[in-house]
Amino acid sequence: MLSRILSGDFPRSRVLTAVLIVVVLGLALAPFVFPGARALNVAAKICVFIVLVASFDLLLGYTGIVSFAHTMFFGIGAYGVAVAITRMGPSWAAVAAGVGVALVLSFALSLVIGLFSLRVKAMFYAMITLAVAVAFQTLASQLSDLTGGEDGLSFKVPELLTPSFSLSETPFLGVSLNGKLISYYLLFAATVLLFLVMLRIVNSPFGRVLQAIRENEFRAEALGYRTVAYRTASNVLSASFATLAGALLALWLRYNGPDTSLSFEIMIDILLIVVIGGMGTLYGAVVGSAIFIIAQNYLQDLMKLASNATSGVPVLRDLLHPDRWLLWLGLLFIISVYRFPIGIVGKLRVNAWIKARAKAMAAATAKGVS
Amino acid sequence: MSGPLLELEGVHTHIGAYHILHGVDLQVARGELTVLLGRNGAGKTTTLRTIMGLWHASAGHVRFDGQEIGAQSTPEIARKGIAYVPENMGIFADLTVRENMILAARGAKNAEEIDAKRLEWVFSLFPAMKKFWQHPAGLLSGGQKQMLAVARAIVEPRHLLLVDEPSKGLAPAIIQNMIAAFRELKQTDTTILLVEQNFNFARQLGDQVAVMDGGRIVHSGTMAALAEDEALQQRLLGLSLGAHQ
């Protein structure tokens, strides 16, 4: 049963299993365990990023394609919902229309980009995607009638998801059962579902061919696989999942603008999370997103505590001042890349594998088999 | 159908500005093992890569089973039942032995769909594959990687097997193992074109032999004839091959 849900792709490391359980339980119980609007926002952002980063890993980690246009597809999803609701009013039909149009647009764009540019060398593909993404960002901020320009669009969501909608008058475990809560669980459920679908894809025969292409494209061709078709399919799939992540973000924030979904900073965040979590392991997206976004949001608070605690020590007090948080975040990244060059998940899995092999070897030697 | 399974006629191949093959004429007879001998840089690997469509011939014909394949793409050629074991083995290091094998058995979705009898037979040729079935292929030893590369090429019945220097860098004991495996493979009537520098290895397996030099075939005949004629060996293969014996 569990094997079916996870498509046979178990964490394969006890530490990793424990970390994943903590993250999933933390997200599932977030509204009850971590009360407050800010904590819930962080949890929601982690959910969106899990989908977004996993979809990028499908491309970078599993197929070995470097693309900088991923936030463009993320933005298309977010704008799709935002524009549709602004035009059609806060109804589910508008949400469906927005998501539908966004998916079609992403599909077409990623197919065209893929067919035209996946035949060229990796470096040129990266440059082309960068150019297209920048063009799209400019377009989004210029078409202000449609997209709200730099200000973006604030909109209402269907009533079920608004904070004023109430399931029951009495709070449950100290949490009021309102639309915001429903909104969060909708997001959480969508994240779980989309993640499991992606896990199924990468562990399918199709996913195995993608990994073969990543490792040795000529070899995959010599086995009889049309690699351009597979690479294009991977491009399209990845773009579709990013679009859905964008739609989820817009629904949660009830706002979308260029900085929330299209900015290049998000692209850099995605890259960092994939590398820290571990390329080519979807679980890396879960672990990486959780660590990264928690660090991004809470490092300043932590440093405030540390700075106050060390207020008597001259240099340390200044070093730990909350305004220096970006310095420490940067240091954390450098350390993690040095310490886990194949990502946290990659490292944990290799460790577990080496341990298992040592055990097997010891058993074999004991039996007298070399 | 009669006639050779694979036929190259006046094949010229350029790699960038370099003219590598200068009119190769080669015939690979059905059900036989043909060895392509020659020193470094003679064009042996380029010949295999041209057959596989990884380089395209600039002139001449490549015919497989009487059909021109010179202009076809690599996946199309592979789907005709030609398997290629490159010199660098080209195994997928991050994938397990099992996943490598499933990829090679194109029709199979998972290990259960690989013909079980065939798989047992591959295991009997290369027992290490069974032992390390679930291990990442990148962690195998050099000899085991070579075995995996060959095992992957034969996991499904193929019409033609192109193998590039399977003995390269292997310990003598493992070479013997490899020879035994190829002998077994010959029993199944698979046509094989084997590129080698190690004459001793080649002599034990070849039915036919072709010798390349400077991008041309300079000699072809039966292996038995070449093995007996030491003067011819001396002339064709020189001292560079003698070192391997």
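Being a predicted model, the structure only gives us computed values, none of them experimental.

### Observations concerning the overall build of chain B
Here's step 1: Helix and strand counts for chain B come out as ten helices and ten strands.
Here's step 2: A compact globule built from 245 residues would reach a C-alpha radius of gyration of about 18 Å, and chain B, at 18 Å, matches this within 12%.
Here's step 3: The principal-axis extents of the C-alpha atoms in chain B amount to approximately 50 × 40 × 35 Å.
Here's step 4: Residue burial in chain B is summarised as follows: out of 245 residues, 44% are buried.

### Structural notes on unusual backbone geometry
Residues and elements named next belong to chain B.
Here's step 1: Not every positive phi belongs to a glycine, and Asp 65 is a case in point at roughly 55 degrees.
Here's step 2: On the basis of neighbour count, Asp 65 is assigned to the partly exposed category, with 16 C-beta atoms found within 10 Å.
Here's step 3: Here Glu 165, not a glycine, exhibits a phi torsion of approximately 45 degrees, which is positive.
Here's step 4: As for its position among the elements, Glu 165 is in the loop between β7 (160-164) and α7 (172-186).
Here's step 5: Of the residues examined, Glu 165 has 21 C-beta atoms within 10 Å and is grouped as buried.

### Quick notes on the pairing of β7(B)
All names here are of chain B.
Here's step 1: The buried count for β7 comes to five of five residues, which makes it a mostly enclosed element.
Here's step 2: Sheet analysis places strand β6 (residues 82-85) next to β7, joined by four bridges and oriented parallel. Along β7, the bridge assignment pairs Val 85 with Val 163.
Here's step 3: Note that β7 and strand β8 (residues 191-196) share five bridges and pair parallel. From the neighbouring strand, Leu 160 faces β8, where its bridge partner is Thr 191.

### With respect to the sheet that holds strand β2 (residues 18-28) of chain B
Residues and elements named next belong to chain B.
Here's step 1: Strand order in the open sheet formed by four strands is β2-β1-β4-β5, and the pairing between neighbours is antiparallel. Looking at which strands have only one partner, the edges of the open sheet turn out to be β2 and β5 (67-68).
Here's step 2: With five bridges joining them, strand β1 (residues 6-15) and strand β4 (residues 59-64) adopt antiparallel strand pairing. Its bridge partner being in β4, Glu 7 is matched across the sheet by Arg 63.
Here's step 3: Contacts between helix α1 (residues 44-51) and the sheet are confined to β1, β2 and β4, with β2 contributing the most and set at about 70 degrees to the helix.

### A short note on the nonpolar core
Here's step 1: Grouped together as the largest cluster of nonpolar side chains are 174 residues, with contacts concentrated most on Val51(A) and Leu162(B).
Here's step 2: When residues in this core are grouped by element, the largest group, 16 residues, is from helix α4 (residues 37-63) of chain A.
Here's step 3: Both domains that furnish three or more residues to this core are identified here as domain 1 (6-81 + 158-242) and domain 2 (93-157) of chain B.
Here's step 4: Ignoring sequence-local partners within four residues, the contact set of Val51(A) consists of Thr191(A), Leu194(A), Phe195(A), Phe241(A), Leu244(A), Ala245(A) and Leu248(A).

### As for helix α2 (residues 14-28) of chain A
Residue and element names in this part refer to chain A.
Here's step 1: Given a rise of 1.5 Å per residue, 15 residues ought to cover 21 Å, and the 21 Å separating the end C-alpha atoms of α2 matches this to within 8%.
Here's step 2: Every buried residue of α2 is listed here: Leu 16, Val 19 and Leu 27. Angularly, the buried residues of α2 cover 65 degrees about the axis, an arc narrow enough to put them on a single face. For α2, the exposed residues set more than 90 degrees away from the buried face come down to Arg 14, Ala 18, Ile 21, Val 22 and Leu 25.
Here's step 3: As for α2, its buried residues are in contact with α3 (30-33), α4, α9 (179-202), α15 (282-309) and α18 (343-367).

### Details of the packing of α4(A) against α9(A)
Residue and element names in this part refer to chain A.
Here's step 1: In contact at an axis separation of 10 Å, α4 and α9 are set at 15 degrees when each is read in the N-to-C sense. As far as their axial angle goes, α9 and α4 are roughly parallel. Our pair here, α4 against α9, has a crossing hand that is left-handed. Along its contact with α4, which presents Leu 40, Ala 44, Cys 47, Ile 50, Val 51, Ala 54, Ser 55, Leu 58 and Tyr 62, the element α9 presents Tyr 184, Leu 187, Phe 188, Thr 191, Leu 194, Phe 195, Met 198 and Val 202.
Here's step 2: Along the lines of polarity and charge, the residues of the contact of α4 with α9 split into 15 nonpolar, two polar and no charged.

### Concerning the sheet that holds strand β3 (residues 33-37) of chain B
All names here are of chain B.
Here's step 1: Strand order in the open sheet made by the six strands is β6-β7-β8-β3-β9-β10, with mixed pairing throughout. Looking at the sheet topology across the chains shown, the edges are occupied by β6 and β10 (216-222). Averaged over all adjacent pairs, the angle separating strand axes in this sheet is 15 degrees, with direction ignored.
Here's step 2: As defined by bridge partners, strand β9 (residues 208-213) adjoins β10 across six bridges and the pair is classed as antiparallel.

### Focus on the domain arrangement of chain B
All names here are of chain B.
Here's step 1: By domain assignment, chain B separates into domain 1 (6-81 + 158-242) and domain 2 (93-157).
Here's step 2: Between the C-alpha centres of domain 1 and domain 2 the distance comes to 24 Å.
Here's step 3: At the junction of the two partners, domain 1 supplies eleven residues and domain 2 supplies ten residues.
Here's step 4: Taken together, the elements giving at least two residues each to the side of domain 1 that touches domain 2 come down to β7 and α7.
Here's step 5: Per-element accounting of the side of domain 1 that touches domain 2 gives the leading share, four residues, to α7.
Here's step 6: A class-by-class count of the residues in the side of domain 1 that touches domain 2 yields eight nonpolar, one polar and two charged.

### Focus: the environment of Val274(A)
Here's step 1: Structurally, the position occupied by Val274(A) is in helix α14 (residues 264-277).
Here's step 2: Linking Val274(A) and Ala102(A), residues 172 residues apart in sequence, is a C-alpha distance of 25 Å.

### Details of the interface of chain B and chain A
Here's step 1: Every contact between the two is made by 18 residues of chain B and, on the other side, 15 residues of chain A.
Here's step 2: Contributions of two or more residues to the side of chain B that touches chain A are made by α2 (74-79) and α3 (97-104) of chain B.
Here's step 3: Taken together, the residues of the side of chain B that touches chain A break down into eleven nonpolar, two polar and five charged.

### Focus on the pairing of β4(B)
Residues and elements named next belong to chain B.
Here's step 1: Where β4 lies against β5, two bridges are found, and the strand directions are antiparallel. By the bridge assignment for β5, Arg 63 is matched with Glu 68.
Here's step 2: Linking β4 back to β5 in an antiparallel pair, the connection comprises two residues, with Asp 65 at a positive phi of about 55 degrees.

### Let's talk about the environment of Ala135(A)
Here's step 1: Following the sequence through the fold, Ala135(A) ends up in helix α7 (residues 122-142).
Here's step 2: With 36 residues separating them in the primary sequence, Ala135(A) and Pro171(A) have C-alpha atoms 48 Å apart.

Definitions and cut-offs
- Residues numbered from 1 in each chain as written.
- Chains lettered and ligands numbered in written order.
- Predicted model: local features only at pLDDT ≥ 70, side-chain atom pairs only at ≥ 80, totals over all residues.
- Helix = DSSP H or I, 4+ residues; strand = E, 2+ residues; numbered from the N terminus.
- Rg over C-alpha atoms; globule rule 2.2 N^0.38 Å.
- Buried ≥ 20, exposed ≤ 12 C-beta atoms within 10 Å, placed from the backbone.
- Pairing = 2+ DSSP bridges.
- Contact = placed C-beta atoms within 7 Å.
- Axes fitted to C-alpha atoms, helices over the stretch in contact; angles between N-to-C directions.
- Core = buried A, V, L, I, M, F, W, Y, C linked by C-beta atoms within 7 Å.
- Domains from an automatic or database assignment.
- Expected span 1.5 Å × (residues − 1).
- Arc of directions from axis to C-beta.
- Parallel < 35°, antiparallel > 145°, perpendicular 65-115°, else oblique.
- Left-handed = near helix turned anticlockwise from the far one by under 90°.
- Nonpolar A, V, L, I, M, F, W, Y, C, P; charged D, E, K, R; others polar.

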